[in-house]
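Per-entry structural report
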Amino acid sequence: MPLVGIPVSRLKQLLGKDLDRDDLQVALENLGNDVDGYAVVKRFRCDRCGEITEVLEHEDFNDLCAGCAGGDLVEIGSAEVVRIDLLPVRPDMLSAAGLARALRGFLGIETGLPEFKLSDSGFRVEVKSGMDEIRPYIVGAIVRGLRLGDEGLRMVMKMQENLHWALGRNRRRASIGVYDLGTIEPGFVFRPVKPDELKFVPLFGLPDSPRAELTPKQILKKHPKGIGYAHLLAGMSTYPLLTDSAGKVLSMPPIINSDDTKMTPETTDVFIDVTGPDRNAITRSLNVLVAALADMGGNVGKVEIKYPDGTSETTPDLTPARCELDPAEARRVLGLDLDAGKIAELLRKMRYGAKTEGSKVVVDIPAYRSDILHEQDIIEDIAIGYGYHNIEPRLVPTMTVSRALPVEEISEAVRRVMTGFGLFEVMTSVLVSEKEQFELMRLPVTPHVTLENPVSVEQTMLRTSLIPGLLSTFRANSTREMPQQIFECQDVFFLDSGAETGVRTRRRVAVGLTGPKVGFADVRALASALARELNAEAAFTAANHHSFITGRCARIDTRGEDTGILGEMHPEVLERFGLGQPVAVFEFELDHFIKAYA
Amino acid sequence: MTRLPEIEYKLLSALAPGVPVGVEGLVKESGLDQSLVMAAARSLSDRGLIEIHEQVREEYAITEQGLKVSREGLPEKRALQAIIDQGGEVAFQDLPASLGREDVRAEVKWLTKKGWCSRVAGRLVATDKGRAALSDAGPDEVFVCRLAQMGRAFSDDLASLGTDVEAGLAALKGRSGLFKRKQRTARSISLTDAGSRLKNEGIEPAQEVTQLTPELIVSGEWRDVAFKEYDPRLETAVLQPGKAHPLQRVIQQTRRAFLEMGFEEVESPTVDTAFWVFDALFQPQDHPAREMQDTFYVADPERGLLPADELVQSVGRTHEDGGDTGSTGWRYKWSRAKAEKLVLRTHTTAATIRALAQDPKPPRKVFSIGRTFRRENVDQTHLPEFIQIDGIIIDQRADLASLFGTLAEFYRKMGAEDVRFRPSFFPYTEPSAEVFAKLGSLGWVEMCGSGVFRPEVTEPLGCDVPVLAWGGGVERIAMMRFGLDDIRKLYLSDIDWLKEAALCR
């Protein structure tokens, strides 16, 4: 989860109330925020592209601008921030404005549905044909009268970034553009553009050439953001382009804005667009953003979107969704004795519109809440409004009888036997490599479960034997006192086309002894003892196995079934594992004991 | 003539007035057991005949990592060499490539701290001091190399060989793992005036019995001998019983807590279909947690079998438009093929949700503990595999208040003094709560996520009563309890740590 730093003074100003640090933190936490703490950030502006960067006071950082990857950063001030771990579920709380709105309700400063006054801007976005395949939908809004300054500009950029993450699925489902209205001629066109059709200066240009004019195709190849998001346009023969009435480029969604229409700290009026293949996601993103800008003092104007099939819509639409809530259901889920009136009051505290109507509660859901899928989501907000810390814990009154899994009970018995002999249990990785499992063990590769997307070459498959893990443990302990005696009691995995998931799991115990004097007889004695404690007799027959010294390896049979292998490790195996002391091991499968136990 | 126990006699005989003699040497020469020699020394000292001097000495021992540094040089030295080889300056973004490693923060930190490089407009530039340092070993390097030659050594021995120990340690501050430090107590004894007088008056050894033998008992001779008195303060051999792995012990404590509270233990396949790991939990198919970035997909085998069609369809419909649950659903086209893909389970909720689907009739309490996987790079706090616990309660009378009550009891059994809850978000529960436990000196620690399963989870599986659920990792509890700062030490154990980690903690 990303951490976001909310400027404390701005938050208090929007809140209209001065809270001390602890009270603010408690209120934020009780609202469901994961507060990391307070910090001071230093603010820098890039001397080339103007991008504002914030860095924690004592943090090491790269002194190059991340925006244009070329300019030097100049310090312009500092601010105290409260750092919060972002949860994607409440994107409306990702900014100081949205957070203040929620807190005002929670603290009783202003409750109920927030009102937003929208005017008609008279502006229109015309969607040309050919967009269906590449980026079908667009919504937009005008916001006037903003006084941003450095901090406000930084907040808008951050909000955009956070919404891309939380609702936009990293721009795939929704991507946002914000432009200085003073740089463009209203009347917008959203249309397909050919890869080489025209040139414009992408935001911040290129690292070595801030005013470089590029074609859409060149942007995807050369511009840092173009390279980073090119996969979103892969396979398309035309790309989405947004222009003003004069044909000036605003942006090439979802990749990059034009450098000529970018916001500055002095910008007061902006045009916002959100585009994407998911109507729901772009609408929610726009609602969250304009609600926050309205709270920051902006006047929101509506924009008409005209599609080539003749349909049109006006955005943003901040009309709340209305639903009915049954108080009995809320009481049942929460275990709290709340009447309809109290429930309505708690919901208003959480910024819903709510009033009682007969035995029901009629609820208006704010248009910026993208997380309400079900009545249950509203019920959770009732609990948050009530305060989790005010809920009296109790137990379920129903009696149930416990039952343990045989595989775990047998494993525990095995651990008691082994620790009784003075062995130490180890736990090693289930994820291993073919090299460790087969090559180092002098074994041919046998069928095994492999990963499609491993993180490292050391972890590409699920283990088929516990012995290599013991040998690696000995390697890690080669400077420790000898002798050493360890065991592991865990699962191994095999392909099994007859199984539901194509994999067969087996619980095994493996024992390893190392030291100048350990040998075959030691492990044979331990294996016999283990079998006896499991109420069986072990029979040992000579076996051939490449991992062991010829003539010092045996198959273990119990109750007439092949149960495992035992012996002294081959010196070549020891050499491959980097071991300088003799090692004797046995590996013993527990499954038929588990079946018998069950 | 005074008669003294044999060892006391030997000790006094070996001492001359005013000359302290090391106990270690005496033990070696006499071939006697150290504990017997010390017992005799204490007995003499108690009677004012000798004086025991203790000197605490710092001993250092090189580690594997230290040996590596002694062979290859400090990482920043190698980095410096690389930078100078490349013309004496490298841009920050090129550093990983130049140094041949992803994470170069440590090198950069040391290079700038030591003044070997400075930051100039986005580049790391070697300084004159840095160039001079290339051919000159710093006090930290001298210290590590000398210690590597000796294996282990006392501080004063190192100093007597010309190593500036103080400067070496100061330069190595902020770095760990290159050597270990231990305090050892060296003892010596010297004769007091009283001891000297006694010796001059004449001493002789008396016969004492140390070990009571069967012969002494049977013959009755025991009546005529003096038994040597032992000093109970003296150290004896250090014994260590075999032990279960510390992580396993926390797992067993967790199992016991669940079993004592009437829970039934269940399991599920480690390799499972995305259906049980994600879809059945109402996690949309484009959810970031399902991406290749975060979840291990299995290449062979690739697909698994899904349960009965009716169940699968009802889950799919709930994703698309809420089905019969009253939800809006996620509003997208659900794909059966994506649900068939096999993954390494990312949580053990896959086990409890299977148990729920198999028998949704209340009342049931179910738990599972098992290995789970997330696609993380290995570092001090992350491993791609870890152990997770998961519990659910299916009950007509289950609600948020009883979730809190159950968790409070559960974590008290795990050693918490107090438990508290905070609103949170998890994709398959609503309401959701994060659970914090108060653990002695550690204060409030996040333990697990919890909540009431969403109707979109329970109803398609045929369950129409509330289901409480919670899940969390075990490693962090084990690390806190056994004082580990690196999660990797759990899965590649230091045998000394396994021996020392006390059973009761």
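Residues numbered from 1 in each chain as written. Chains lettered and ligands numbered in written order. Predicted model: local features only at pLDDT ≥ 70, side-chain atom pairs only at ≥ 80, totals over all residues.

**Some details on the overall build of chain B**
Along its length, chain B carries 23 helices and 19 strands. Per-residue burial over chain B gives 39% buried out of 505 residues. Taking the contacts inside chain B whose residues are at least 6 apart along the sequence as the reference set, 69% of them involve residues at least 24 apart. (Helix = DSSP H or I, 4+ residues; strand = E, 2+ residues; numbered from the N terminus. Buried ≥ 20, exposed ≤ 12 C-beta atoms within 10 Å, placed from the backbone. Contact = placed C-beta atoms within 7 Å.)

**Observations regarding the overall build of chain A**
Helix and strand counts for chain A stand at 16 helices and 27 strands. Over its C-alpha trace chain A gives a radius of gyration of 33 Å, far above what one expects of a compact globule, namely 25 Å for 598 residues. Overall, chain A is about 90 × 65 × 50 Å in size when its C-alpha atoms are taken along their principal axes. Counting all 598 residues of chain A, 47% fall into the buried class. (Rg over C-alpha atoms; globule rule 2.2 N^0.38 Å.)

**Let's talk about the interface of chain A and chain B**
If you look at the interface, chain A gives 81 residues, while chain B gives 84 residues. Taken together, the elements giving at least two residues each to the side of chain A that touches chain B come down to α8 (327-334), α10 (375-386), α11 (406-420), β18 (424-425), β20 (450-451), α13 (467-476), β22 (484-495) and β23 (503-514) of chain A. Of all the elements, α10 of chain A adds the most residues to the side of chain A that touches chain B, at seven residues. For the side of chain A that touches chain B, the per-class residue count stands at 36 nonpolar, 26 polar and 19 charged. Two elements, β20 of chain A and strand β12 (residues 298-300) of chain B, share two bridges in a ladder whose sense is antiparallel. Across the sheet, the residue bridging to Thr450 of chain A is Asp300 of chain B, located in β12 of chain B. (Nonpolar A, V, L, I, M, F, W, Y, C, P; charged D, E, K, R; others polar. Pairing = 2+ DSSP bridges.)

**Structural notes on the domain arrangement of chain A**
By domain assignment, chain A separates into domain 1 (3-106), domain 2 (118-315), domain 3 (321-388) and domain 4 (406-597). For domain 2 of chain A and domain 4 of chain A, the distance between their C-alpha centres works out to 60 Å. (Domains from an automatic or database assignment.)

**Let's talk about the sheet that holds strand β4 (residues 73-85) of chain A**
Residues and elements named next belong to chain A. Reading across the sheet, the four strands line up as β1-β4-β2-β3 and stay open at both edges, with antiparallel pairing between neighbours. A single partner strand is all that each edge strand has here, and the edge strands are β1 (3-7) and β3 (52-56). Across this sheet, the average inter-strand angle for adjacent strands is 45°, counted without regard to direction. In this sheet, β4 lies alongside strand β2 (residues 34-46) in antiparallel orientation, the contact comprising 12 bridges. (Axes fitted to C-alpha atoms, helices over the stretch in contact; angles between N-to-C directions.)

**A short note on the environment of Pro7 of chain A**
In this fold, Pro7 of chain A is placed in strand β1. A C-alpha to C-alpha distance of 8.5 Å links Pro7 of chain A and Glu151 of chain A, two positions 144 residues apart in sequence.

**Notes on the pairing of strand β8 (residues 179-191) of chain B**
Where strand β2 (residues 21-22) of chain B and β8 of chain B come together, two bridges link them in antiparallel fashion. Counterpart to Gly22 of chain B in the pairing with β8 of chain B is Ser188 of chain B.

**Description of the pairing of strand β5 (residues 118-127) of chain A**
Residues and elements named next belong to chain A. Note that β5 and strand β13 (residues 299-306) share seven bridges and pair parallel. The residue bridging Leu118 from the neighbouring strand is Val300, located in β13. Bridge count between β5 and strand β8 (residues 188-193): three bridges; the pairing is parallel. Considered in β8, the bridge of Glu126 is made with Val189.

**Observations regarding the domain arrangement of chain B**
You can read the domains of chain B as domain 1 (2-56 + 184-211), domain 2 (64-179) and domain 3 (247-497). When each unit is reduced to the centre of its C-alpha atoms, the spacing between domain 1 of chain B and domain 3 of chain B is 66 Å.

**Notes on the packing of helix α4 (residues 64-72) of chain B against helix α9 (residues 139-150) of chain B**
Residues and elements named next belong to chain B. Look at α4 against α9: their axes get within 9 Å of each other, and the N-to-C directions meet at 115°. As summarised for this structure, α4 and α9 are arranged roughly perpendicular, according to the angle between their axes. For the element pair α4 and α9, the recorded crossing hand is left-handed. Counting all contacts with α4, which are made through Gly66, Leu67, Val69 and Ser70, the residues of α9 involved are Val144, Cys145, Leu147 and Ala148. Of the residues contributing to the contact of α4 with α9, the split by class is six nonpolar, two polar and no charged. (Parallel < 35°, antiparallel > 145°, perpendicular 65-115°, else oblique. Left-handed = near helix turned anticlockwise from the far one by under 90°.)

**Some details on the confidence of the model for chain B**
All names here are of chain B. Looking at chain B as a whole, its pLDDT mean stands at 89, while 100% of the residues score no less than 70. Looking at the elements of chain B, mean pLDDT is at its lowest for helix α6 (residues 95-99), recorded as 76, and at its highest for strand β10 (residues 264-265), recorded as 98. Two numbers describe this predicted complex: its pTM, 0.77, and its ipTM, 0.87. (pLDDT = per-residue confidence, 0-100.)

**Things to note about α13 of chain A**
Residues and elements named next belong to chain A. With eight of its 10 residues buried, α13 lies for the most part within the structure. Within the span of α13, buried status applies to Ile467, Pro468, Gly469, Leu470, Leu471, Ser472, Thr473 and Phe474. Looking at the buried side of α13, the elements it contacts are β19 (431-432), α12 (434-439), β22, β23, α15 (571-577) and β27 (583-589).

**A short note on the packing of helix α2 (residues 23-30) of chain B against helix α3 (residues 34-46) of chain B**
Residue and element names in this part refer to chain B. Remark: α2 packs on α3, axes separated minimally by 10 Å, with the N-to-C direction vectors making an angle of 120°. One way to sum up the angle between α2 and α3 is to call them oblique. Seen from above, α2 lies across α3 with right-handed handedness. Counting all contacts with α2, which are made through Val23, Leu26, Val27 and Ser30, the residues of α3 involved are Gln34, Val37, Met38 and Ala41. Across the contact of α2 with α3, the residue classes tally to six nonpolar, two polar and no charged.

**Comments concerning unusual backbone geometry**
All names here are of chain A. Cis geometry marks the peptide bond from Pro253 to Pro254, where omega comes out at -5°. Among the secondary structure elements, Pro254 is positioned in the loop between β10 (249-252) and β11 (256-257). Look at Arg169: it is not a glycine, yet its phi comes out positive at around 45°. You can see Arg169 is positioned in the loop between α4 (149-166) and β7 (175-180).

**Observations concerning the nonpolar core**
As a rule of thumb, nonpolar side chains are buried together in soluble globular proteins. Within the largest apolar cluster, 240 residues are counted, with the highest numbers of intra-cluster contacts made by Phe586 of chain A together with Val467 of chain B. Broken down by element, this core gets its largest block of residues, 10 residues, from helix α7 (residues 279-295) of chain A. With residues near it in sequence (within four places) discarded, Phe586 of chain A still touches Ala510, Val511, Val523, Leu526, Ala527, Ile556, Gly564, Ile565 and Leu566 of chain A. (Core = buried A, V, L, I, M, F, W, Y, C linked by C-beta atoms within 7 Å.)

**A few points about the sheet that holds strand β17 (residues 429-439) of chain B**
Residues and elements named next belong to chain B. Pairing within the open sheet is mixed, and its seven strands lie in the order β10-β14-β15-β19-β18-β17-β16. This sheet does not close on itself; its edge strands, each paired only once, are β10 and β16 (418-423). For strand β14 (residues 364-373) and strand β15 (residues 385-394), the ladder comprises 10 bridges, and the chain directions are antiparallel. Note that in β15 the partner of Phe367 across the bridge is Gly391. Those strands touched by helix α19 (residues 400-413) are β15, β16, β17, β18 (443-453) and β19 (467-473), and its axis lies near 140° from that of β18.

**Notes on the environment of Glu229 of chain B**
Along the chain, Glu229 of chain B falls in the loop between α13 (214-219) and α14 (246-260). Owing to 10 C-beta atoms within 10 Å, Glu229 of chain B belongs among the exposed residues under this scheme.

**Structural notes on α3 of chain B**
All names here are of chain B. The terminal C-alpha atoms of α3 lie 18 Å apart, and with 13 residues this matches the ideal 18 Å at 1.5 Å per residue to within 8%. Turning to α3, its buried residues are Val37, Met38, Ala39, Ala40, Ala41 and Leu44. Those residues of α3 that are buried lie in contact with β1 (2-5), α1 (6-14), α2, β3 (50-62) and β8. The positive-phi residue at the C-terminal boundary of α3 is Gly48, with phi of around 75°. (Expected span 1.5 Å × (residues − 1).)

**Focus: the environment of Arg131 of chain B**
Residue and element names in this part refer to chain B. Inspection of the secondary structure puts Arg131 in helix α8 (residues 128-134). Arg131 sits in the partly exposed class, given 13 other C-beta atoms within 10 Å. Once residues lying within four places of it in the same chain are set aside, the contact partners of Arg131 are Ile84 and Ala126.

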